Structure formats: C-alpha cells, structure tokens
Amino acid sequence: MNKRVTLTIAKIEHETKDIKTFTFYHKLDARPGQFIMLTDFEGGEKPFSISDCTENEFSVTVKKIGEFTTRLFSKREGDLMSFRGAYGSSFFISNTKVLLVGGGYGVPPLYFLAKRLLKAGAEVVVVNGARTEEDLLFDDKFKELNIKYINITEKGDLGKKGTSVSIAKKLLQNQLVPKPQLGNNNHPQAGAWGRENREKFDFLYAAGPEKMMKNLQKFTGDITYEFLLERYMKCAIGICGNCTVDPLGIRLCVEGPVLHKKLVEQLTEFGKYHRDASGKRIGF
Amino acid sequence: MNKRVTLTIAKIEHETKDIKTFTFYHKLDARPGQFIMLTDFEGGEKPFSISDCTENEFSVTVKKIGEFTTRLFSKREGDLMSFRGAYGSSFFISNTKVLLVGGGYGVPPLYFLAKRLLKAGAEVVVVNGARTEEDLLFDDKFKELNIKYINITEKGDLGKKGTSVSIAKKLLQNQLVPKPQLGNNNHPQAGAWGRENREKFDFLYAAGPEKMMKNLQKFTGDITYEFLLERYMKCAIGICGNCTVDPLGIRLCVEGPVLHKKLVEQLTEFGKYHRDASGKRIGF
Amino acid sequence: MYNRLKTKFLGIEVKSPLVLPAGIMDMSFSGLDISARNGAGMVTSKSLTLEPRSGHKGPVIAEFESGLLNSMGLCNPGIVDGLAEIDEFKERSDTPVIVSVFANNTQDFIKITNRVNDSKADFLELNLSCPNVYDEFGIPLAASKNKVYEIVNAVKRDSELPVIAKLSPNVLNIIDIATAAEKAGADALCLINTVGPGMLIDIKMVKPVLFPKFGGLSGPCIKPVALKLIYQTYSAVNIPIIGMGGVTDGEDAIEMIMAGAILVGVGTAVYYRGIEVFNKINKEIIQFMDESGYSLLEEIPRLEKLENATQTSDL
Amino acid sequence: MYNRLKTKFLGIEVKSPLVLPAGIMDMSFSGLDISARNGAGMVTSKSLTLEPRSGHKGPVIAEFESGLLNSMGLCNPGIVDGLAEIDEFKERSDTPVIVSVFANNTQDFIKITNRVNDSKADFLELNLSCPNVYDEFGIPLAASKNKVYEIVNAVKRDSELPVIAKLSPNVLNIIDIATAAEKAGADALCLINTVGPGMLIDIKMVKPVLFPKFGGLSGPCIKPVALKLIYQTYSAVNIPIIGMGGVTDGEDAIEMIMAGAILVGVGTAVYYRGIEVFNKINKEIIQFMDESGYSLLEEIPRLEKLENATQTSDL
Ligand SMILES: Cc1cc2nc3c(=O)[nH]c(=O)nc-3n(C[C@H](O)[C@H](O)[C@H](O)COP(=O)(O)OP(=O)(O)OC[C@H]3O[C@@H](n4cnc5c(N)ncnc54)[C@H](O)[C@@H]3O)c2cc1C
Ligand SMILES: Cc1cc2nc3c(=O)[nH]c(=O)nc-3n(C[C@H](O)[C@H](O)[C@H](O)COP(=O)(O)OP(=O)(O)OC[C@H]3O[C@@H](n4cnc5c(N)ncnc54)[C@H](O)[C@@H]3O)c2cc1C
Ligand SMILES: Cc1cc2nc3c(=O)[nH]c(=O)nc-3n(C[C@H](O)[C@H](O)[C@H](O)COP(=O)(O)O)c2cc1C
Ligand SMILES: Cc1cc2nc3c(=O)[nH]c(=O)nc-3n(C[C@H](O)[C@H](O)[C@H](O)COP(=O)(O)O)c2cc1C
Ligand code: FES
Ligand code: FES
C-alpha cells in the first residue's frame, strides 16, 4: 500500500514568472524521472516530476498553467499539501558519458537526474534551452554542478540563438564539443561550449515538450536514449487506463513516464496525439 | 490473519468405545494445551485440544458427546475436514520434576505435553485416571515414554481402586513415590508405584473435568500449577466474549485455556459455574 | 494525560471517547469490566432479547484479509440474565453502560424496555437491524423509516433511559432512517452495524464457510462505508452519534470524530490488537493531538457539513 | 495448458474465464489489447455515455488497506470515440469485447444501443448503477426493479448484441433486481459494481480525501459481499453471471465460480499484481484444478443453490 503523506510546504522558490519550486521536508524514496500526485483536496490531484530529492527533502517545480497550478501558486510556506508517490519508472543511471537535453518544466527532473548520474560517476553534459534568459530553469543550479553545461535561448539573449534540440543535434553529430568553463560563482564546473575534443555520448536523456523530443529523436542515430513523456493521469497506479499509449497499451504512470528508446520507437502516437481527461484523442 | 486449513483425515484410531483420535498430515505450529476449531461446514465448529503434534502431523482426541462429535464419528479416513488454529495459551515447559494429572479427554493433551517436557529435560510423572480400564486413554502411549507413569481406575480393574486425584494427593503429600517399572512392551520406561524415594514436585499440570481439578486444587499447597480449563467457545479469537471467566474477564480462548495457578485462584466461577451458548450461567 | 480525552455524552462524562460496542466481549459482567479497565470510556452489552438465544451452530466467525464475517445469530442469555450481568458490572465499575436490546416487533421492544427501566444501565440502545421483518412496502425493518420511527417512538414513550438507535448500513438512504429515528425522539444514534452480509467459500469442500451461510462484515474493510454514513448522518441530524466500523487505530478514531462522531466504537480491533486496544488507541489519539496542537479532545475539528446530505453520490 | 480454461459464454468461446471489467485499463484500444495479451479471456470498455465526460477533478482514487475507493466520475470519450477504440481493438484481436454503456434514462440508453449496433463489439453491457435518478417510489435507479426492467426491456428491443445487465450491490434485494433484468430479456448479468460508496478523511487537513467526497469500494474488501450477491442471484436466475468484486488470486476466482459465476472479472487486482494478473490467475486456477483433480474448468462444482434465495439473512 502506498500511503498518502500530508505535510507543510517547507520552501517556495520563484524560478521564473510562472514557475515555482515547492520543497517538502520528507524522506522520499524516489528516483529521477519519477513523479508524485499532489493535491490540496480542493479539486484536482496532479502529477509533478521530482526536481530534487535528498536525504530529508524533495522538491517539485511547477508551471502555472490552469486551475490547480494557479491555486497551488497562491499557497504559502507552512500551508499543508498532500501527496502520494513517488510513482512510475525512472531514468537508467549510467556511469559513462551522457547527454541531458531539457526544455520547459522538463528541465528540473533532469537536474535531479544529473545529480544522481554524477554520483554514479558519469560524465554529464546538460543542454538547457528556454525562450529567453528569464525563462531558463535551474541555470544556477546546473552551474553549481561539476558538469559541462550549455544554456541556450531562442531569443539569443545569452549570446547565441538556438534551442536545446539545435544544440543537442550539433553535439550528437559531433559538430560541437562542450568544455568546462568558469561559472557565475567562479567555480570551474559550469561550462560554455567550444569546437575541440569531439567525443561520443553513450546515453541520451530528454524531458520537455513532446514536440521537442519528437524533434530530437531525428538526431539520435543509434545512441540509446530515454525520454520522459507525459499523458493525462488520474489514478497513477495503473488501473484507470487514461495514460496508456498506443499501440503498446503500456501505462505511463507505471511503465512510464520514462520510456526507453525501444518503446518510444514503437509508439505510433508519439508526437502525434495524446488523450485528454475524457480519453478523447487530442493532436499535439 | 489465521488462515483456515481444509484437509483430509489421515488416520482415525478408536481409543475407547466413545473416543477416537483423528490425525491430520499438516505442519501445525502448536504448543501443548492449545486447541483447534474443527468443522465439517455442516453446522458446528468445535474446540479440541491437540493431543499430539510432530513435524508433519497432528491429532485431536474426541469424545462422542452430541451432534457435532456424533457426525465427526461417522467420518472416514480420506474425508475432508477444516480447522483453524492452533489457538490459546499453552503449558509452561519446565525442565524440573513435574506431575501431570489427567482425567477423561483431558488426558490426551497431557500426552503432547509430556513429550515436550521430556524433550526439555524434565522428570515427568503422569497420573492417568479413568472409570474402568477400558476407558483409560493413551495408556500404551504413555507407557512408551521414558517417564514414571501411574494408571488408576475407579473400578479398580487394574489392581487398586482410585482416581487420578486420589493418587495425585498422595504424591503431592509425599505419601507415595513413583518408580520406573517394566512396561507392557518390556521396556523399562513404564512404571507403577512404590513407597520409597519420596521427592518434591516443582510443577503440577492438570487437565480433565473441572470438578476433578477443583478437587485436585485442595492438595496443591504451595506448588505451582497450570490447569487446562474449558468454556463454551464460539469465535476462538477473543471477541465474542462467550468464554470469559468471572470476575477477571479473561478469555479462555486467548488468555486460556491453560491458566496459571495465580489466575485460577482468582476465578470465583472455577468449579462452580460456566456459561452456555447463550451466555447463561450453568452450575457444574 | 487522560483528562485530555474526557468528553460528555448526553450529559454523562466519559473518560475516553472509545466505546466497547454490542456483541464484543460483552456476554458477562467480567467481559465488560476488563474492557473498561483497559481504557474503554463506555461499554455496551450484547444485544439482549426477551428469551435466551443460543445463536447459530457455526462456524460463526470467518476471517478474511480485510476483516471478519460473523453469523453469531444474536446469542444472548435473555433480558433477565443479561441485565443481571450489567447490574453486577455496575457494582464494580462507574463506567457508563449501554444495554443493547433486540426484538423483531414493537411489542417485544416495549416489553424489553420496561425490564431495562429496572436495571442499573445508563443508556438503552435499540439494535434496529432485523433483516427478517418487512414493513408494508416489503422493505426490511432496518431499512424502513416507518418501522424505525414506530419502534423508537414507542420505546421512547416507556423508557426511563436515554435511547440510542443503532442503525444498519444496509439501507438505501441513511438520512431517511436517521431522521426518522431523530423525529421519533431518539436521544442519540449509533452507526454502523455490520455490512452486507457477505460470504466466503471453502473451495476444497465446496461449502460456505459460515453456518448459516452468510455473515455481517466488520473490521477495516467497512471503515470507508462507516465514515461516509456517519458523515452524511452528522450533516442531517442534531443528536449525537456513536460512530463505529473498522476503527483499529488512533487515526481511524480521529477520522470518525471528524466525520461527526462524538464517541467511537472499537469492536473487531479487539481481535487485531488485544483487549488493550482501548488504551492503545487512547494513546494514539493523544499523540495525534500533540502533533496537531489540540490540547483537548473537543478541539478536534469536524468536516464541514454536507449541504445536501441526501444527494451524496455524483455519478 | 490453457485449453483447460476454455469456456463458453452466450455461445462464444473464450480462452479464459477472466474478464477485464468496465473502468479498468480500457480507455483505449491499446489498453484492451494489452489486457487480452496478458491472459484476459474477454475485455470490457469503459462505460461509454452519449457525450464525452471528463470525470471528476480528483483525487479520484484513494487507497486504503483493504482496497480502493474511486470517484472517477464516469470519464469517457463518449460513445462515438469509444466505439472507434473498440473497433480498432477488434482489428488487432479476436478476444471478445463487451461494450459497457451508461445513461441515466431509457431514451439515452436506446440512443447508445443503436450506435453500438453499428460497432464490432460482441456484447452490450448496461451499467445500471446510476445513483442520481430515482423511480416513482424514490428508489435510486440501481435499486429499482421497475427502472431496471424498463431499461433492459427497451434496450433488448433494439439491440443486435446480447445484453448484459451490470448490477449494483447497493440494493435492498438483489433478487428483485436480477429477476427484473432477466424477465426484461437480459442475456446475462454482471455483478457486482462498486460497494458503498465510502469515504476517507485526511486528518491533517480535515478534508475528504476524494473529490468529490465519496467513492465506490473495490478490491479485497468487497469480495464477501460480491460472493453472497452472486450466489444469491445464481440461485434465482437462469442466465449466466459474470462475477466480480475483489478477485485477486486463483482461489478468489474459484470461489466466484463456485458461487455461480461463469466468467470472473479482475479489476482492482490489476493494481495489486500488475497487468500480468490475468495470466497469474489463469495459472493459479490450473494449479488448483490439478490439486483437486479437475481436468477442465467446467468440472469445477458449484454450491448447491439456495432454496429460498430471497430470505437469506438469519438474525
Ligand atoms: C509524469 C508527469 C510529470 C509532470 N511533471 C510536471 C512538472 O514537473 N512540472 C509541471 O509544471 N508540470 C508537470 N506535469 C504537468 C502537470 O501535471 C500539469 O501541468 C498540471 O496537471 C496542470 O493542472 P492545472 O489544473 O493547473 O491545469 P488544467 O487547466 O487542468 O490543464 C492544463 C493542461 O495540463 C495538463 N494536465 C492537466 N491535468 C493533468 C493530469 N492530471 N495529468 C497530466 N497532465 C495534465 C493537460 O495537458 C492540460 O491541457 C507533469 C505531467 C506528467 C504526466
Ligand atoms: C479448550 C477446549 C478444549 C477441548 N478439548 C477437547 C478434546 O480434546 N476432546 C474432546 O472430546 N472435547 C474437547 N472439548 C470439548 C468439545 O469442544 C465438546 O465436547 C464438543 O464441542 C461437543 O460438541 P457436540 O456438538 O458434539 O455436543 P453438544 O451437544 O453441542 O454439546 C455437548 C456439551 O459439549 C460442550 N460444548 C459444546 N459446544 C461447545 C463449544 N463450542 N465450546 C466448548 N464446549 C462445548 C458443552 O459442555 C455441551 O454441553 C474441548 C473444549 C474446550 C473449550
Ligand atoms: C462478533 C460480533 C458480534 C456482534 N454482535 C452485535 C450485536 O449483538 N448487536 C449489535 O448491535 N451489533 C453487533 N455487532 C456489530 C458491532 O457492534 C459493530 O457495529 C460492528 O462490528 C462494526 O464495528 P467494528 O468494525 O469495530 O467491529 C457485532 C459484531 C461482531 C464482530
Ligand atoms: C477505477 C475504477 C473505475 C470503474 N469504472 C467503472 C465503469 O465505468 N463502469 C462500470 O460498470 N464499473 C466500473 N467500475 C467497477 C468495476 O468494473 C468492478 O465492478 C468493481 O471494481 C469490482 O471489481 P474489482 O474489485 O475486481 O475491482 C470501476 C472500478 C474502478 C476501480
Ligand atoms: S493514470 Fe490511471 S492508468 Fe495511468
Ligand atoms: S470464544 Fe469468543 S471470546 Fe473466546
């Protein structure tokens, strides 16, 4: 039995104008890619990826998008919230050279992943894309990690214009090599990118809008990858069937949300459609 | 949860004209003094003390007395029966010099006890009383144990007249000392009794008609004892309250059926009354 | 510590909100007494009938992973001997006692009530769960607002003790039944009695496990049903409620209180956690109060009442 | 091995008696397909309504130690899209499929029936558990023999598929409802739908866990209630029964069959044992058959029928 936990919001951090991180002091046994179902019992229980998880606390990073998230944004530190989980599959923890490609609120779970990959001894390269510098998520947090880190915006307000996919493409096609560089905090971990020391990646991870991953998929060649997918979730325990993906019938709340390349490639609906709360198919 | 077990009757042995032993092949985790609730699902589920229990089988020894036991007596080897348990408290397993006093179908559970006491290294003396030699239960079985064993009948058809209480009284008052003797099977374990080597007992066990134990109690002095008591049992799991004894309110199906001297001495109803299936008090 | 659990029920102070319900450990004065000594704030007798009843042949209890089924068959020593046990209990204990009574017609309920008037019991509880008697519409007594009204009304006229109506969950609309009892003058309600009934089958012998075949469900499996019916009833009536059904630990008891119960019955959990269950739950309630900052039991809040208590089910 | 589990239901052969019930893993053709591939002999669609329904806001699922509560709110893509999913399923699988449909009045049931006639579904199941519509006696649809008769009768006139009536356990007398459905021409019965409803409370936030507050119970906690109602119904009707409610392992499935079920639904257990639950239970049934000496499923005996199916409860 998966016991529901109700506890106060310990910390609220404003990430961007419409994204906040909510931290709870609780020992959660979660792996990167997994999610919780969060509720205030006022109508709505919604899935959110875990964006960080240490010995005694964990966080979710939420974009204000509709009824539930708007109400969540009105909560203060000390207010009670209730969750169940962590649920779902998690990313494979490799110890080789790996590339993480994130967009939108797909970036925070990759931060949790990056930390665990580092712990396992992997050589981690992260590409973090956003529309503008202001929208960039977890930029400082990534810079504090001992990794090669590339941030890019569509607007180009960090220097060059681009998307995480356009960068990832170059990295994967060996046209670009990330190198360590001094970060904001004058530590040598944070990095920009140059054109030397071309290398191959052993594993690719991505999370973000499905369109982005669909796009990214074109450049994956024969590299092994895992994508974090989203579907409308209700039960989160694998019985209501709302989150199954065609034609496999696997449930993103149980067998997902992290899917291996082999499964993603079989999904006829990937990047095409998903199902809404009624089960009706909706195009992307 | 106490799982019900349904299995075939492996063996039926005729002990006396109205007593049979039913053996089941089943690994039962039972201690001497405990009982099972036995049923054939045809109306009636009744408590019976475990009269023997080894690695892979156990037995109950039943007296034909009313509706259920009469139906039970019509069963054959291979017929299915269902039971739950073992339930209740069990006898303390001493490793000193102990006396076991049995009457009626109280004798068989003392056989199971004697075996466990011997295993623990106790010096075991058993007094087995019945009306006539024919009514004597487990006579051969006791003789095969490495114990001092005294059998006695009211009719005197074994030599002397007496009851198990009259013998126990003499033993307890040191007027009588049991000595090893050649048994039926020419082994030196079985014993009769003589008047030498008076010794003290450290522990007294009894099972049988409540009147017998009430009688026996008079001669217990300051010896520690445990009695196996019976009350009408329905649930056997300590909730229906049918088997509680006054004024303590302890349940013979949970805190009993084996009660320590300290508890027996506090029972105002001991030897006086019990409650029937409706909870009405009935005198002994 | 236990001062914090004190509460009042119909003007009488109890040391804990926990109640030993009808049918559990209550055939004898000593069974009531050991429960009270283990922390029950109030105790209930077995449901007494005019004449003694031996109950069913059995098996009368079947266990399954989520609770118990019982087909006891209302065994009891009859109203005369049963009241004698209660009187003997009252000589040894100042714990308030509810005498539960059962009949399948109004006349017998009245006869029993008059017997009870002469006893030392504190409250009279009517076990209104008879499944075999039907009203003029073919609805079983337990589910018939007319029958429930008739019985409670008649008993109230004669009873010198406050009257508690114990309701069955196996009804179409609990509000109908609860308000009928309230209108008829019931001083309090007790719910829920066992759910179902249900059955289990021995698949080796191809036989129902219970004898007779069916038995009422109690224990953890019925808690959600109990909470819902108690909450619904609490939203619709103005008399106190003794809530029960599956309460096994302190958190369950708190749920009952939040759903609207003043007192909380603990029955089947006596099996799961021993007769010490009352003291264990008392402690767990205190622990929750400490964690949540409630110093007294009565500070524990209740759910907001339902606006429309009858129309409870969406699709 | 699986030849031993073959059985016939209304003339159609199924490879296993296990059925994926309505509401479980059945929003999409692929959900039905993965269940069939994992050993379900028959699959059921989510209950479809005329228009799409998004269902309730949630939490729509609450877990407790003995089962689940759900307040899904009959979310479904509507009859048109729902049937399209079924047709897509039928293109890939020869597993028989039941289309479950829901409406709260006879007219809508008829409209839906006519849609279903044009689909590839094998059976039409009427989810007769609407708790919000009352008959002329104020009895909810699910518990009203008149309403059940009316709907089944009307649907039978129009349906080209065999009609299964799915019954609610929350009724006063299942026999009334079951025989009304049979008389109205139902080809089979399916029971039970969820029990209660019930509720759970979050004691820290003092709020019902589900939104809206109440949800139907499923899983192990309801098995005894299901067995009893199935056995009672089996004793009184002559049409086949799909039995469900808490079946989690092979022994539970055998109990259902002995109680009178021809096919056995496995819903909540998909949560407990994964989507492989169907194959797991298939194996456990075979194992029991081996131990007990039955070579074919149909040799498994049933309980003797009740003599008087209505009068089931002793005191
Ligand atoms: C595995 C998974 C992980 C997610 N992780 C995050 C995260 O880390 N941060 C974050 O901000 N968001 C995350 N989401 C999306 C998040 O669940 C929705 O943004 C949220 O449910 C919106 O609720 P709302 O009431 O505010 O909006 P609504 O107005 O109800 O809906 C807006 C949109 O949000 C999506 N959505 C709504 N309800 C659900 C639901 N029950 N399940 C899935 N999607 C839904 C739909 O696309 C919908 O169109 C995740 C979703 C999934 C499935
Ligand atoms: C702890 C315990 C251990 C027992 N061990 C044995 C044993 O090893 N061998 C043996 O033959 N008998 C034993 N008995 C007694 C046995 O349970 C009864 O003889 C049996 O229940 C009689 O059932 P019946 O239907 O044949 O008789 P009935 O006609 O129903 O009753 C005859 C008498 O048996 C007793 N009895 C009946 N039902 C019960 C019941 N449910 N619980 C307790 N007593 C009952 C009553 O004294 C009753 O007057 C034991 C009883 C208890 C409580
Ligand atoms: C063995 C048993 C016997 C019962 N007998 C009665 C009874 O005589 N009268 C009554 O009103 N309720 C009786 N009940 C119902 C309980 O009082 C209580 O309402 C029900 O068991 C739910 O509570 P629980 O889950 O805590 O046990 C009995 C219950 C059990 C388990
Ligand atoms: C999440 C969920 C959704 C359900 N949806 C439906 C439904 O749409 N239509 C229906 O007739 N029954 C529905 N049911 C009831 C099941 O079909 C089944 O009757 C019930 O759950 C009992 O079986 P179980 O204990 O094996 O789950 C649903 C049950 C659950 C748990
Ligand atoms: S959300 Fe219900 S199956 Fe995944
Ligand atoms: S037999 Fe029920 S309490 Fe002992």
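As the structure is a computational prediction, the values presented were derived from the model and not from experiment.

Engineer: Explain the packing of helix H4 (residues 164-172) of chain A against helix H5 (residues 210-217) of chain A to me, and be specific about the residues and the numbers.
Structural biologist: Residues and elements named next belong to chain A. Relative to each other, H4 and H5 sit at 20 degrees, their axes nearing to 10 Å. By the criterion of interaxial angle, the relationship of H4 to H5 is roughly parallel. Handedness of the crossing formed by H4 with H5: right-handed. Within the contact between the two elements, H4 uses Ser-164, Val-165, Ala-168 and Leu-172 and H5 uses Met-212, Asn-215 and Leu-216. When grouped by side-chain class, the residues that make up the contact of H4 with H5 number five nonpolar, two polar and no charged.

Engineer: Report on the site of ligand 4, specifying residues and quantitative values.
Structural biologist: All names here are of chain D. Around ligand 4 sit 23 residues, and of these Ala-22, Ser-47, Lys-166, Gly-246 and Thr-268 come closest. Between ligand 4 and Ala-22, the relevant distance is 2.7 Å, taken from an oxygen atom to a main-chain nitrogen or oxygen of the residue. The separation between a nitrogen atom of ligand 4 and a polar side-chain atom of Asn-127 is 3.1 Å. Expressed as a share of its isolated accessible area of 610 Å², the protein-covered part of ligand 4 is 98%. Of the residues assigned to the shell around ligand 4, the class counts are nine nonpolar, twelve polar and two charged.

Engineer: Outline empty space enclosed by the protein, listing residues and values.
Structural biologist: All names here are of chain C. Counted according to the given criterion, the structure contains four cavities of 30 Å³ or more. In terms of lining, the largest cavity is formed by Asp-26, Met-27, Ser-28, Phe-29, Leu-32, Ser-45, Lys-46, Leu-48, Pro-77, Gly-82, Glu-85 and Ile-86. Those elements that provide at least two residues to the lining of the largest cavity are helix H1 (29-37) and helix H2 (78-92). Among the residues making up the lining of the largest cavity, the classes are represented as six nonpolar, three polar and three charged.

Engineer: How would you summarise the environment of Ser-59 of chain A if you had to cite specific residues and measurements?
Structural biologist: Residue and element names in this part refer to chain A. In this structure, Ser-59 sits in strand S6 (residues 57-63). Taking relative accessible area as the criterion, Ser-59 reaches 7% and is therefore assigned buried. Through-space distance from the C-alpha of Ser-59 to that of Ile-9 is 9.7 Å; in sequence the pair is 50 residues apart. What Ser-59 contacts, discounting residues up to four positions off in sequence, is Thr-21, Phe-22, Thr-23, Ser-49, Ile-50, Ser-51 and Asp-52.

Engineer: Can you tell me about the site of ligand 2, naming the residues and giving the values?
Structural biologist: All names here are of chain B. Surveying the vicinity of ligand 2 reveals 18 residues, the closest of which are Pro-47, Thr-61, Lys-63, Phe-68 and Thr-69. Interatomic distance of 2.7 Å between a backbone N/O atom of Lys-63 and an oxygen atom of ligand 2. In this structure, an oxygen atom belonging to ligand 2 sits 2.5 Å away from a side-chain N or O atom of Thr-69. Elements that contribute at least two residues to the shell around ligand 2 include exactly strand S5 (45-53), strand S6 (57-63) and helix H1 (67-73). Among the elements that line the shell around ligand 2, the one with the most residues is S5, at four residues. Here the shell around ligand 2 is built from residues that sort into nine nonpolar, four polar and five charged. Shared between two domains, the shell around ligand 2 holds at least three residues of each, these being domain 1 (5-87) and domain 3 (229-283).

What counts as what
- Residues numbered from 1 in each chain as written.
- Chains lettered and ligands numbered in written order.
- Predicted model: local features only at pLDDT ≥ 70, side-chain atom pairs only at ≥ 80, totals over all residues.
- Heavy atoms only, no water.
- Axes fitted to C-alpha atoms, helices over the stretch in contact; angles between N-to-C directions.
- Helix = DSSP H or I, 4+ residues; strand = E, 2+ residues; numbered from the N terminus.
- Parallel < 35°, antiparallel > 145°, perpendicular 65-115°, else oblique.
- Left-handed = near helix turned anticlockwise from the far one by under 90°.
- Contact = heavy atoms within 4.5 Å.
- Nonpolar A, V, L, I, M, F, W, Y, C, P; charged D, E, K, R; others polar.
- Near = heavy atom within 4 Å.
- Polar contact = N/O pair within 3.5 Å; in protein donor to acceptor, adjacent residues only side chain to side chain.
- Areas by Shrake-Rupley, 256 points an atom, 1.4 Å probe, with all protein chains shown as cover.
- 1 Å grid on protein atoms, 1.4 Å probe; cavity = no way out; pocket = protein on both sides within 12 Å on 5 of 7 lines; lining within 4 Å.
- Points joined across faces, edges and corners; volume = space filled by probe spheres on them.
- Buried < 20%, exposed > 50% of the residue type's maximum accessible area, 1.4 Å probe, protein only.
- Domains from an automatic or database assignment.

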